[in-house]
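Coordinate inspection notes
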Amino acid sequence: MGNVNVQHEFRPGTKLNFDLDYLFYEDENPNTYDNDFFDGGGNLLRREDTRSDKFTPINIAVGQLAFEHQFGEKWKYEGGAKMVRSEFTNEVSVETLVNGDWIENPTFTNQSDLQERIYAVYSSADFKANEQNSFKFGLRYEYTDSQLDAEKEGRVVDRQFGSLFPSVFYSRTLNEKQSLNATFTRRISRPTFDDMAPFAIFLDPTTFFFGNAALQPALSNNVKVDYRYESFLFSIQYTYEDSTIAGFQDDVVIEENTQAFRPINLKNTQSWSASATLPFYIGNFWEMQNNANVLWIVLNSFFEGTPVRQTALSYNFNTNQTFKLPRDFSFEASAFYNSAGIFGRARYQPIWGVNVGLQKRLANNQGTLRFNVADLFNSIVFRVGTDLPELGFTTNRRFDFSQRTFRLSYSRTFGNNKLKASRRRGTGSEEERGRVNN
C-alpha cells in the first residue's frame, strides 16, 4: 500500500485534504488432495489425487478530496468527492491425476476479469443549536460501473447504478450523566473481492467452497436510538436490507452428487435489536466490561425458485474481566455465548468460548511479558445446517476453525516518548481494504 496526503489549512477551522492511495494484493492459494476410497470392510477401492490453484492479483486506486469549514461556533460544513478504480484477474484451476496425467476439471477451471469504478460526492453539515442539542445532516451520491468477464461464460456482470444515501443524526444532552442520540442512515454493503473472485476449496471430493462472481451490493435503511447513563449505554435499532449478502449457503446439485457452499444474495431481511454495554469498576483491582444483545430477524429468500421465509429470536453475551494483582501482575479472562440463530438460509447452534491471560510488567520499563490461552475449553465449534423439510432439503455441518492455543509474548517500547507525535489521520482507502479478506 502507498498513500500520498496533502493538507492545506487556509485558516483555523478551514482546510482542504487530498488523499491518493494505491493498493496491491496478490492472492495465491494452491491445494493438493489425496483421496482414498474404501469399502465397508476397510479395503482400498481406489485412490484419487486432485490439485487446485487460485491466483488473483488485485489493484485498487483511490483518490479522495475533502473540504471542511467552520461557520462560527454553531455550524460546520464538510464536503468532498471520491473515485475508486478496482481491477483483478482471477485464475482458478482444478485437475485430477488420471493414468499419470493431470486432466483439467472444466466445472471448476475458469478465468475472470473484473473492472469496477465507483464515483461518489458527499456533503454534510453539523449544527449545534445550544449546549443540549446538536444535529448533523448528510447526503452522499454514489455511482457504480462494474463489468466482470469470464473466459467461458462471457460477460457475467454488467452493472451500472447510482443511489442517494442520506443520513440524519440528533444528539441531546439531558444532564451531566445522561444523553440521548437518534440516527437514520442509508448504507451500501459491497461484496468482498474474495467472494467475487471464484475459488474452489474441497472438503471432500463432492463437497466444496466456491465464490460467486454475480454477487450484488446490499442496500439498507437503519434507525437507531441510544441512551447513555454515565458509562452505561443502551441501544435499540431497526434495519431493513435489500439483497442481503449471506456467506457460504448450501447449494446441492443432485445430478452431479455435489454440494457447494457459496455466498448468495437473499431477497431482504428485517431486524430489530436491543443492546446494552455495562462496564463496572470494583475498586482499583477489578474492572469488567459486559455486552448483551437481543435480535429478532425476519428473512426472505429463495430456494430453487421457491420463496423461503424464516424468523428467529437470538441473543448473545460477552464479558471481559481484568484483575490487578500484586507485583505488577494482572489477570484477564473473557467469555462469550451466542444462542442459536439464523445464518442466511441456514440456522446455527449455540456456541461459546473462554480466553484467559496473565501479564507481568517488568521493572524499570524493561517491557511486558504475556501468557495467553485462547479457546481454553476447545469449545468454539460452528454447527450449522439448513432445515427446509417442506422443500426436501436438510443439511448438517460442523466446522472446527478454532483450536486451544497457547501464546507467550514479550513486548517493549523503545525511543523517546517525549518527541512530538506524528499527525494522526486516516486515508481514503479504509473501505476498500475491508473488501479484501486476509
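Further up the page is the structure itself.
What comes next concerns the included structure. Not measured: the values here are computed from a predicted model. (Residues numbered from 1 in each chain as written. Predicted model: local features only at pLDDT ≥ 70, side-chain atom pairs only at ≥ 80, totals over all residues. Heavy atoms only, no water.)

Our next topic: the overall build of the protein. Across its full length, the protein holds two helices and 29 strands. In terms of principal-axis extent, the alpha carbons of the protein reach across some 80 × 60 × 50 Å. Residue burial in the protein is summarised as follows: out of 438 residues, 35% are buried. Sequence separation of at least 24 residues holds for 59% of the intrachain contacts in the protein that already meet a minimum separation of 6. For the protein, the exposed area adds up to about 25800 Å²; of that, 53% sits on carbon and sulfur atoms. (Helix = DSSP H or I, 4+ residues; strand = E, 2+ residues; numbered from the N terminus. Buried < 20%, exposed > 50% of the residue type's maximum accessible area, 1.4 Å probe, protein only. Contact = heavy atoms within 4.5 Å. Areas by Shrake-Rupley, 256 points an atom, 1.4 Å probe, with all protein chains shown as cover.)

You can see Asp-158 is positioned in strand S9 (residues 154–173). According to the relative accessible area criterion, Asp-158 is partly exposed, its value standing at 47%. In this structure, the C-alpha to C-alpha distance between Asp-158 and Glu-116, residues 42 residues apart in sequence, is 10.0 Å. Excluding its chain neighbours within four sequence positions, the residues that come into contact with Asp-158 are Ser-146 and Gln-147. Within the structure, Asp-158 has its side chain in polar contact with the side chain of Gln-160 (distance 2.6 Å). (Polar contact = N/O pair within 3.5 Å; in protein donor to acceptor, adjacent residues only side chain to side chain.)

Attention shifts here to the pattern of salt bridges. As enumerated under the stated definition, the model contains 17 salt bridges in all. Between Lys-76 and Glu-68 there is a salt bridge, with the nearest N and O atoms lying 3.9 Å from each other. For Lys-76, a relative accessible area of 27% gives the class partly exposed. A salt bridge links Asp-251 to Arg-262; its shortest N-O distance comes to 3.5 Å. One end of the pair, Asp-251, is in strand S15 (residues 245–253); the other, Arg-262, is in strand S16 (residues 258–265), and eleven residues separate them in sequence. A cluster of three or more residues bridged by salt bridges with shared partners is formed by Glu-68, Lys-76 and Glu-78. (Salt bridge = Lys/Arg side-chain N within 4 Å of Asp/Glu carboxyl O.)

All right, on to the pairing of strand S12 (residues 207–210) then. Side-chain alternation along S12 places Thr-207 and Phe-209 on one buried face and Phe-208 and Phe-210 on a second face that is also buried. Pairing of strand S11 (residues 200–204) with S12 involves four bridges; the strand directions are antiparallel. Along S12, the bridge assignment pairs Phe-202 with Phe-208. Relative to S16, S12 is paired through three bridges, and the arrangement is parallel. Bridging across to S16, Phe-209 finds its partner in Phe-261. (Pairing = 2+ DSSP bridges.)

The next point concerns the layout of surface pockets. In this model, the second largest pocket occupies a volume close to 370 Å³. Lining the second largest pocket are 24 residues, with Leu-295, Ile-297, Ile-342, Phe-343 and Gly-344 positioned closest to its centre. Residue assignment for the lining of the second largest pocket shows that the elements contributing at least two residues are strand S14 (232–242), S15, strand S17 (268–282), strand S18 (286–303), strand S19 (306–325) and strand S21 (341–343). If you tally residues by element for the lining of the second largest pocket, the top one is S15, at four residues. A class-by-class count of the residues in the lining of the second largest pocket yields eleven nonpolar, twelve polar and one charged. (1 Å grid on protein atoms, 1.4 Å probe; cavity = no way out; pocket = protein on both sides within 12 Å on 5 of 7 lines; lining within 4 Å. Points joined across faces, edges and corners; volume = space filled by probe spheres on them. Nonpolar A, V, L, I, M, F, W, Y, C, P; charged D, E, K, R; others polar.)

Under the definition given, this model contains three cavities of 30 Å³ or more. The space that makes up the largest cavity amounts to roughly 70 Å³. Counting residues per element, the ones that place at least two in the lining of the largest cavity are strand S8 (133–150) and S9. Tallied by class, residues from the lining of the largest cavity come to five nonpolar, two polar and four charged. For the second largest cavity, the calculated volume is near 40 Å³. Broken down by secondary-structure element, the contributors of at least two residues to the lining of the second largest cavity are strand S5 (75–98), strand S7 (110–128), S8 and helix H2 (430–433).

What follows covers the packing of aromatic side chains. Working definition: an aromatic ring pair is given by the centre-to-centre distance plus the angle between the planes. Tallying each qualifying case throughout the model produces 27 aromatic pairs. A ring pair is formed by Phe-209 and Phe-399, whose centres lie 5.9 Å apart and whose planes are at 40°; its orientation type is tilted. Placement of Phe-209 in strand S12 and of Phe-399 in strand S28 (residues 397–399) is noted, with a sequence separation of 190 residues between them. No difference in accessibility class separates Phe-209 from Phe-399, as the two residues are buried. Between Tyr-227 and Phe-234, the aromatic rings sit 6.5 Å apart at their centres with planes inclined by 25°, giving stacked as the arrangement. You can call Phe-234 partly exposed: its relative accessible area is 35%. Taken together, the ring pairs connect Tyr-33, Phe-108, Phe-202, Phe-208 and Phe-210 into an aromatic cluster. (Phe/Tyr/Trp six-rings, centres within 6.5 Å; stacked < 30°, edge-to-face > 60°.)

Here we take up the sheet that holds strand S25 (residues 382–385). With antiparallel pairing, four strands are arranged side by side in an open sheet as S21-S22-S25-S28. Looking at strand neighbours, the two that pair on one side only are S21 and S28, the edges of this open sheet. Here the average twist between neighbouring strands, direction ignored, is 35°. Of the pairings in the sheet, the one linking S25 to S28 comprises three bridges and is antiparallel in character. (Axes fitted to C-alpha atoms, helices over the stretch in contact; angles between N-to-C directions.)

Our focus in this paragraph is the nonpolar core. Counting residues in hydrophobic clusters, the biggest one holds 16 residues, and the most contacted among them are Tyr-25, Ile-58, Ile-60, Phe-88, Leu-114, Leu-148 and Phe-193. Within the residue set of this core, elements represented by two or more residues are strand S2 (14–28), strand S4 (44–71), S5, S7 and helix H1 (193–196). Element by element, the count of residues in this core is highest for S4, at three residues. Look past the residues within four positions of Phe-193 in its chain and what remains in contact with it is Ile-58, Ile-60, Ser-86, Phe-88, Leu-114, Glu-116, Arg-435 and Val-436. Residues Ala-200, Phe-208, Phe-210 and Ala-260 belong to the second largest nonpolar core, which totals eight residues. (Core = buried A, V, L, I, M, F, W, Y, C linked by side-chain atoms within 4.5 Å.)

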